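Now for the letters of each chain:
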Amino acid sequence: MSMNADLGKPRELTGLQQRRALYQPELPPCLQGNAIRVEFGDSTTTIDPTCADMVAQEFPHTFGQPLVHFLKSNTTDSKATDEHPPIRVGVVFSGRQSPGGHNVIWGLYDAMKTQNPQSVLLGFIGGTEGLFANQTSEITDDVLSAYKNQGGFDFLGRTVDQIHTTEQVNAAMSTCCDLGLDGLVIIGGVTSNSDAAQLAETFANQNCKTKVVGVPVSLNGDLKNQFVESTVGFDTVCKVNSQLISNVCLDAISAGKYYHFVRVMGWKASHVALECALQSQPNMVILGEEVAFSKLTLMEVVSKICDGVQARAAQEKYHGVLLISEGLIESIPEMYALIQEINILHSNKVPENKIPSQLSPWATALYKYLPPFMRRELLLHQDSDNSAQLSQIDTEQLLAHLVEAEMNKRTKEGGYSGRKFNSVCHFFGYQARGSLPSNFDCDYAYAMMSVKRHSRSPGAVPTGKPVIHPSPVDLQGKAYAVLREKASSFLLDDFYRTPGGIQFDGSGADVRPITLTVEDQDYLGDIEILQDYLEKVRSIVKPGCSREILKAAISSMSSVKDVLKSLVNWQHGTNHGVQS
């Protein structure tokens, strides 16, 4: 197996890159200095209590571990200031490249050297293939200095995004044992963190000393839960895409004669599309989650767009910008069913040229209805996670094609009398993945938020094997509510917003994603508030308190339990909520 000879080596930086490399990310107070205080909390569990038993059976050695809290060190705390023995850690890029990935390595390196200068950090060259083949390069500050605050994954590179076959897992474990690693850090998204969880369980079962840590680095922003509010790279990618979208918006209003169909990356979830819509304010936005929720057919989606075109034509506006998510195509029921049939045939090793003849009658009819370019793209080989190659399916061109046909039909039938519909198509994603990371992503990646989650996202359909599911846009959430509130204004009023390029200095340098600001979540903070109330109750209801106080406490707590139990049952649509 050949590895890129340029990986893991110093490189020459341009003036901007040199300036960017000087930026020093900020750390939260609890991670500053060499004395870090750790406190273990309650055992973690699944989001859906009904899945807990199944996940516990799949992960008997790693499920239910206590939540770890990092606290600001007290210098008089001997446990916090004990000398740390040197450790050996390996790090690998497993997921798609995303801005900030290099800072995860930088933050890990600095943290290890701060605890003990003799610690060793090894980078696996060529991603997971390098992990399997034991291809490493020791990371030093001299080499790392050329990659601080830089985009891309070109420091170490990446290959396939999977560590889940028996052969792959055994190869990874053999490498970790041969190198005597105390830890393995896997940098990636949903699939990579699912693999990290499985790997951690296997290592524990086989008494391998290597601890596995998954780091949520993904432009998709879909590895979200109560403890992970965002993923590394999401902020940067959304800012770069929003600049491109706003440029298109200004081009559209300047020419006054084109509808621009813009598809943005984001895989199955629409977090990038939602954030970019709030930042650039295009005329129309279609998220996969809202299409799936309303079970809209392909022609219903097309009709919705055409209705918007007609509404704008009534104001003599014959231009506009439509933003769609990469995963939209799979959110349309009949398209999802067709893709699933094709995926099954791929899994059964049916050659591409034979797949069309083996589709079911209804799938064949839909397949033949689609334009030739779409047929070719749907037949592409699957991604490494056995799903369709969404980035290669030109959904924006399909919609533009069908909208033009429908507008011509409405013109012919007398339902539309405006100018001829003209479209221009764009796909934004690759343009942003290698961007210099924003301050937010530099800081976030350097602090290295880790996650090892075995639970499901809300609304996910249980499968035979527990994995991390991409978290969809919450249609009941505050960010989506803001979008819906502004939808009619976006459609008819060209209030295009121009956020501009990423700012590394000045007033706009530290602006956070709009969706993150609107959501304003502080899950752990809320838990601390709850614990504080519980402590206050304990301080009041002590042995020796009056019977009236005791009865009032019992009655109140009983009512709280009943309310919470009903709420859990309602959320998960089951009568098997928490036990009394």
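Up top is the structure these notes are about.
Everything numeric here is computed off the predicted structure, so don't read it as measured data. (Residues numbered from 1 in each chain as written. Predicted model: local features only at pLDDT ≥ 70, side-chain atom pairs only at ≥ 80, totals over all residues. Heavy atoms only, no water.)

Quick look at the overall build of the chain
Move 1: Secondary structure assignment for the chain yields 23 helices and 11 strands.
Move 2: At 26 Å, the chain has a C-alpha radius of gyration in line with the 25 Å of a compact globule built from 580 residues.
Move 3: With the principal axes as the frame, the chain shows a C-alpha extent of 80 × 75 × 55 Å.
Move 4: In the chain, buried positions account for 49% of the 580 residues.
Move 5: In the chain, once contacts between residues fewer than 6 apart in sequence are set aside, the share between residues at least 24 apart is 80%.
Move 6: Summed over all atoms, the accessible surface of the chain reaches about 27600 Å², with 52% contributed by carbon and sulfur. (Helix = DSSP H or I, 4+ residues; strand = E, 2+ residues; numbered from the N terminus. Rg over C-alpha atoms; globule rule 2.2 N^0.38 Å. Buried < 20%, exposed > 50% of the residue type's maximum accessible area, 1.4 Å probe, protein only. Contact = heavy atoms within 4.5 Å. Areas by Shrake-Rupley, 256 points an atom, 1.4 Å probe, with all protein chains shown as cover.)

Quick notes on the packing of aromatic side chains
Move 1: By the definition in use, this model includes seven aromatic pairs.
Move 2: The interplanar angle of 90° and the centroid separation of 6.2 Å between the aromatic rings of F261 and F421 together place this pair among those described as edge-to-face. One end of the pair, F261, is in strand β8 (residues 259–264); the other, F421, is in the loop between α17 (395–413) and β11 (423–428), with 160 residues separating them in the sequence.
Move 3: Above the ring of Y23, the side-chain terminus of R20 is found at 4.9 Å from the ring centroid.
Move 4: One Lys or Arg, K536, reaches over the ring of Y533 and ends 5.7 Å from the middle of that ring. (Phe/Tyr/Trp six-rings, centres within 6.5 Å; stacked < 30°, edge-to-face > 60°. Lys NZ or Arg CZ within 6 Å of the ring centre and 35° of its normal.)

Some thoughts on the packing of helix α7 (residues 166–179) against helix α8 (residues 190–205)
Move 1: Where α7 meets α8, the closest approach of the two axes is 11 Å, and the angle between their N-to-C directions is 60°. Our classification of the angle between α7 and α8 gives oblique. The way α7 lies across α8 gives a crossing that is right-handed. Where α7 abuts α8, its residues V169, A172, M173 and C176 lie against L199, T202 and F203.
Move 2: Of the residues in the contact of α7 with α8, the class split is six nonpolar, one polar and no charged. (Axes fitted to C-alpha atoms, helices over the stretch in contact; angles between N-to-C directions. Parallel < 35°, antiparallel > 145°, perpendicular 65-115°, else oblique. Left-handed = near helix turned anticlockwise from the far one by under 90°. Nonpolar A, V, L, I, M, F, W, Y, C, P; charged D, E, K, R; others polar.)

What about a negative patch on the surface?
Move 1: Side chains of E39, E229, D520, D522, D526 and E528 sit close together on the surface and give a patch of like negative charge.
Move 2: Among the secondary structure elements, E39 is positioned in strand β1 (residues 37–43).
Move 3: For E39, a relative accessible area of 40% gives the class partly exposed. (Patch = residues over 30% accessible without salt bridge, like charges linked within 9 Å, V, L, I, M, F, W, Y side chains within 5 Å. Salt bridge = Lys/Arg side-chain N within 4 Å of Asp/Glu carboxyl O. Lys, Arg positive; Asp, Glu negative; His and termini not counted. Charge placed at Lys NZ, Arg CZ, Asp CG, Glu CD.)

Overview of the nonpolar core
Move 1: F261, I305, L378 and L399 are the most contacted members of the largest nonpolar core, which totals 51 residues.
Move 2: Among the elements that line this core, the one with the most residues is helix α12 (residues 298–313), at seven residues.
Move 3: Setting aside anything within four residues of it in sequence, one finds L399 in contact with F261, L298, V301, V302, I305, I324 and L328.
Move 4: Listed in part, the 31 residues of the second largest apolar core include V89, F93, F153 and L156. (Core = buried A, V, L, I, M, F, W, Y, C linked by side-chain atoms within 4.5 Å.)

Overview of the pattern of salt bridges
Move 1: Considering all chains together, one arrives at 20 salt bridges under this definition.
Move 2: D505 is the partner of R19 in a salt bridge, and the nearest nitrogen-oxygen pair spans 3.4 Å. With a gap of 486 residues between them, R19 in helix α1 (residues 15–21) and D505 in the loop between α20 (478–492) and α21 (514–519) connect regions that are remote in the sequence.
Move 3: Residue class for R19 comes out exposed when judged on its relative accessible area of 58%.
Move 4: On the basis of relative accessible area, D505 is assigned to the exposed category, the value being 52%.
Move 5: Between D161 and R158 there is a salt bridge; the shortest N-O distance is 2.9 Å.
Move 6: Overall, R158 belongs to the partly exposed group, its relative accessible area being 27%.

Here we look at the state of the cysteines
Move 1: Applying the stated criterion across every chain yields a total of zero disulfides.
Move 2: Between C30, a cysteine without a disulfide, and C442, which holds the nearest cysteine sulfur, the sulfur-to-sulfur distance is 19 Å.
Move 3: Given the relative accessible area of 18%, C30 is considered buried.
Move 4: Cysteine C208 shares no disulfide, and the gap to the nearest cysteine sulfur, in C177, comes to 3.7 Å.
Move 5: Owing to a relative accessible area of 8%, C208 belongs among the buried residues under this scheme. (Disulfide = S-S within 2.5 Å.)

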